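A closer look at the structure
Letter by letter, the chains look like this.
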Amino acid sequence: MATFIPTKTIKLKPRFGMPAGSVRLKYSLGQKKSVLKLLRLHLDIYMSNEEWFYRANPKPIGHDKTKKTTNTIFTEIKDKLPVWEQSRNDIQESYILRNNFVTEQAAIKQFKLGTPTKLIDDYINATYIVYNDVEPKLYTQKPIIDLFE
């Protein structure tokens, strides 16, 4: 998993008729390119391995009032990528939340199907974006060290 702490977080006030304001994450140019590269990688993984993912998600994500299908989430990210590539446009927190949510849900599905935990953890490490102190659950058990042996 990649950790990209934004240089600045901008919280915009909600506009008329909007339930919540937008949160924009300002990254340095190098970090922004790395985040976009990870989002593209996740999109490519989805396009080539749709069976890894749930079609419908079990709950709304972030400030979304409706449940979005995994396909809708990736379509929205794909549509936003060219916009975010422009230097004046910041990445919205809600899309990072959606990306991470899909990663967690796919990991849960694969764990239930008996996929090797090392493969699940590799997927999480490749696609999960840490932008605050919250890190994802990994599935490979770490060895227990007995200090009294």
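Scroll up to find the structure this text is about.
As a convention, each chain's residues are numbered from 1 in the sequence order in which they are written. The model is predicted, so local features are restricted to residues of pLDDT at least 70 and side-chain atom pairs to those at 80 or more, both for listing and for counting; the totals for chains, interfaces and linings are taken over all residues. The side-chain values count all of the structure's non-hydrogen atoms but skip hydrogen atoms and water molecules.

Observations concerning the overall build of the protein chain
Counting its regular elements, the protein chain contains four helices and five strands. Secondary structure elements follow DSSP: runs of H or I of four or more residues count as helices, runs of E of two or more count as strands, with numbering from the N terminus. If you list the helices and strands of the protein chain from N to C, you get β-β-β-α-α-β-α-α-β. The rule is simple: take the accessible area with a 1.4 Å probe, protein chains only, and divide by the maximum for that residue type; under 20% is buried, over 50% is exposed, in between is partly exposed. Counting all 149 residues of the protein chain, 38% fall into the buried class. Long-range pairs, those at least 24 residues apart, make up 60% of the contacts in the protein chain with a sequence separation of at least 6. For the area figures, the Shrake-Rupley method with a 1.4 Å probe applies, and any residue is considered shielded solely by the protein chains shown. Roughly 9500 Å² of accessible area belongs to the protein chain as shown, and the carbon and sulfur atoms make up 56% of that amount. Only heavy atoms enter the contact rule, under which two residues are in contact if any of them lie within 4.5 Å.

Examining the environment of Thr117
Its location among the elements puts Thr117 in helix α4 (residues 117-127). Here Thr117 falls in the partly exposed class, since its relative accessible area comes to 27%. For the pair Thr117 and Ala107, spaced 10 residues apart in the sequence, the C-alpha separation amounts to 9.0 Å. Excluding its chain neighbours within four sequence positions, the residues that come into contact with Thr117 are Phe111, Tyr139 and Thr140.

Quick look at the sheet that holds strand β3 (residues 23-26)
Only strands that DSSP links by at least two bridges are regarded as paired with each other. In space, the three strands of this open sheet follow the order β2-β3-β4, with antiparallel pairing throughout. Both edges of this open sheet fall to β2 (8-11) and β4 (91-92), since each of them pairs with a single strand only. When β2 meets β3, the two strands line up antiparallel, connected through four bridges. From the neighbouring strand, Lys11 faces β3, where its bridge partner is Val23.

Some remarks on helix α2 (residues 70-85)
One fewer than the residue count of a helix, multiplied by 1.5 Å, yields its expected span. Taking 1.5 Å of rise per residue, 16 residues should cover 22 Å, and α2 covers 23 Å from first to last C-alpha, within 8% of that figure. Against α1 (29-48), β4 and α3 (93-112) lie the buried residues of α2.

Quick word on the pattern of salt bridges
Whenever Lys or Arg places a side-chain nitrogen within 4 Å of a carboxyl oxygen from Asp or Glu, that contact is recorded as a salt bridge. If you walk through the whole model with that rule in mind, you get five salt bridges. Asp90 is the partner of Lys26 in a salt bridge, and the nearest nitrogen-oxygen pair spans 3.2 Å. Separated by 64 residues along the polypeptide, Lys26 in strand β3 and Asp90 in the loop between α2 and β4 bring together distant segments of the chain. Lys118 is the salt-bridge partner of Asp122, the closest N and O atoms lying 3.0 Å from each other.

These figures come from the coordinates and say nothing about function on their own.
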